[in-house]
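# Structural overview
So the chains spell out like this:
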Amino acid sequence: MSVLTTIEYPPCHKAKSAPQQWDAEFESVFRLRGTFSITTARGYFNACLMEERHEPEHDSTLQEYAFLKKQLCGLQRNVSARAISFISSEGFATKWLAASVKKRAKHALAGMAGACAISPNLNKARLSCSKELRVKYLSENGQAVLDLLNAIAPADLSEIPSEPQYIANDDWDKLHVAHQDTADEIEKLVLNSILVLRNKLITHTLDFIMDSFLGHELPVVPVYKTRHVQSDTPNQMTELTKAAMVAKYGKEEYDRVMAENEAAFRERKANKVNACEGCGREGGKRETFKRCAACWKISRQVLYCSKECQVKDWKAGHKLMCGKALDFDTAAMLSTLVPKASNPSGFPPPAPGFKRSLELLSQMDWLMNYPDYDYAVKRSVYERNEHTGLMTYNDPKAKARFRKHREKAMTTGNPMSVALMLEYILWDFEVRKSQDFRRDMVVDQLSREYNIPIKDLEELLEYLGGLRAECGLPALAYSDGDLEDKEEI
């Protein structure tokens, strides 16, 4: 068993070797839930805070926080891109919802166990996910996994965001609000590290679930070597934990458990890799990277695969921490320094409160790759295995109006903008007498992209038709210039 302030929970190597037993043991811990339980947000935070306060120094935790937060931003972007691909090319969403609870449960367990087996800190983070990472929660309602996939999706897939998406959770959100203005550096570090690891674990779990369900080989996640020189001197918390376990199980059982943990640790250590701080490239097992000499003097390991990467990283932000002790604000700022896209999408960021769906991100990806076109519409009849049709308006006024509605819809989710855009698309198909697009499927597509119920879109289309008739306007999208003031309805 692993322990957190003398509370036992199953170790990460058991997630790999005996996933069902591992999950059953976690469920036993979750059933202990109470005011001070480590499976509550407050209880888990207090336990982690106690552990960190017993650490002799916090530089390594600050450095790890900055690294993991940047890593989470890239991970969420990559998993979201994979989800879009799986949904569009392999029908993941439809198949997942149609699957039996038993089948979903099998792959939910595979996803959680695979993610928690990556490293001890991710396994420990499952204690912070007592709502989201339960087989029952992920399997009984198929929509739960799809909602989580939408929750982790960044606003734009064309570049790595500088801030990750944090999955809403009432308990953790309240705790974050309660401590957001604290002057205690360790409190800030511990709470923000928990939130990063919690969301990283959920994101990895979703990635594993999709691959497991679709019959793909499960991803191999590299684990990087530590970025600091570890002390051989046990801290006070380690000694307290040892004393508690020996008192409960006896010295012989304690030694057996520790030997098992040590063997698992050595196996993980043998598979760890170095990574270049500048470009992120992973080194081979026998490849040696150069250290930053100034950081090494303060027992911090910062590695580079080349002089060019070291110079580039210095300019990008390493100069702020080189050879210096870190504080939380500096670590938080360093965590936002992600590479900028060479080919950004060109779409404005979403307005506060509007969350872009995976389907809408997929639409933006199509339009970024084909900027001369105005919209990508799913076909109901495939031609030459082409599932998506790209449409465009040749009339400059029609194109300008459509793109105005499109930008507002993609930025704010405004229902009237979506309805006006939908009117254009349906009108275009009617004029061309298109046989490969069905009205109901087009309405359903925009309903899913903008999270607007089909019934509401149909009512808005009916309203626009009535408004045109009332104003004596033709029922063609080219004539909606006189309806511009109605877009706010």
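The structure this text deals with has already been given above.
I will try to describe carefully the structure that is included in this document. The structure presented is a predicted model; accordingly, all values stated were derived computationally and were not measured. (Residues numbered from 1 in each chain as written. Predicted model: local features only at pLDDT ≥ 70, side-chain atom pairs only at ≥ 80, totals over all residues. Heavy atoms only, no water.)

The subject of this paragraph is the environment of Lys355. With respect to the element layout, Lys355 can be found in the loop between α16 (328–334) and α17 (358–369). The contact partners of Lys355, leaving out residues within four places of it in the chain, are Asn150, Ala151, Ile152, Ala153, Gln165 and Asn451. Within the local environment of Lys355, its side chain forms a polar contact with the backbone oxygen of Asn150, the two atoms lying 3.4 Å apart. Here the side chain of Lys355 touches Ala151 through a polar contact of 3.3 Å, landing on its backbone oxygen. (Helix = DSSP H or I, 4+ residues; strand = E, 2+ residues; numbered from the N terminus. Contact = heavy atoms within 4.5 Å. Polar contact = N/O pair within 3.5 Å; in protein donor to acceptor, adjacent residues only side chain to side chain.)

What follows deals with unusual backbone geometry. The phi dihedral of Ser299 is positive, around 65°, even though this residue is not glycine. Within the secondary structure, Ser299 is located in the loop between α14 (293–296) and β4 (303–304). You can call Ser299 partly exposed: its relative accessible area is 37%. (Buried < 20%, exposed > 50% of the residue type's maximum accessible area, 1.4 Å probe, protein only.)

Glancing now at the nonpolar core. Formed by 109 residues in total, the largest nonpolar core has its most connected members in Phe92, Leu149, Trp172, Tyr375, Ile425, Leu446 and Tyr450. If sequence neighbours within four positions are ignored, Ile425 has contacts with Tyr375, Val377, Met391, Tyr393, Phe402, Val442 and Leu446. Membership of the second largest hydrophobic core comes to 9 residues, among which are Cys295, Leu303, Cys309 and Cys322. (Core = buried A, V, L, I, M, F, W, Y, C linked by side-chain atoms within 4.5 Å.)

Each α-helix turn comprises 3.6 residues. Residues three or four places apart therefore point the same way. The first and last C-alpha atoms of helix α19 (residues 415–432) sit 26 Å apart over 18 residues, in line with the 26 Å expected at 1.5 Å per residue. In terms of burial, α19 is a largely internal element, 14 of the 18 residues being buried. With a side-chain oxygen positioned 3.1 Å from the backbone nitrogen of Met416, the residue opening α19 is Asn414. (Expected span 1.5 Å × (residues − 1).)

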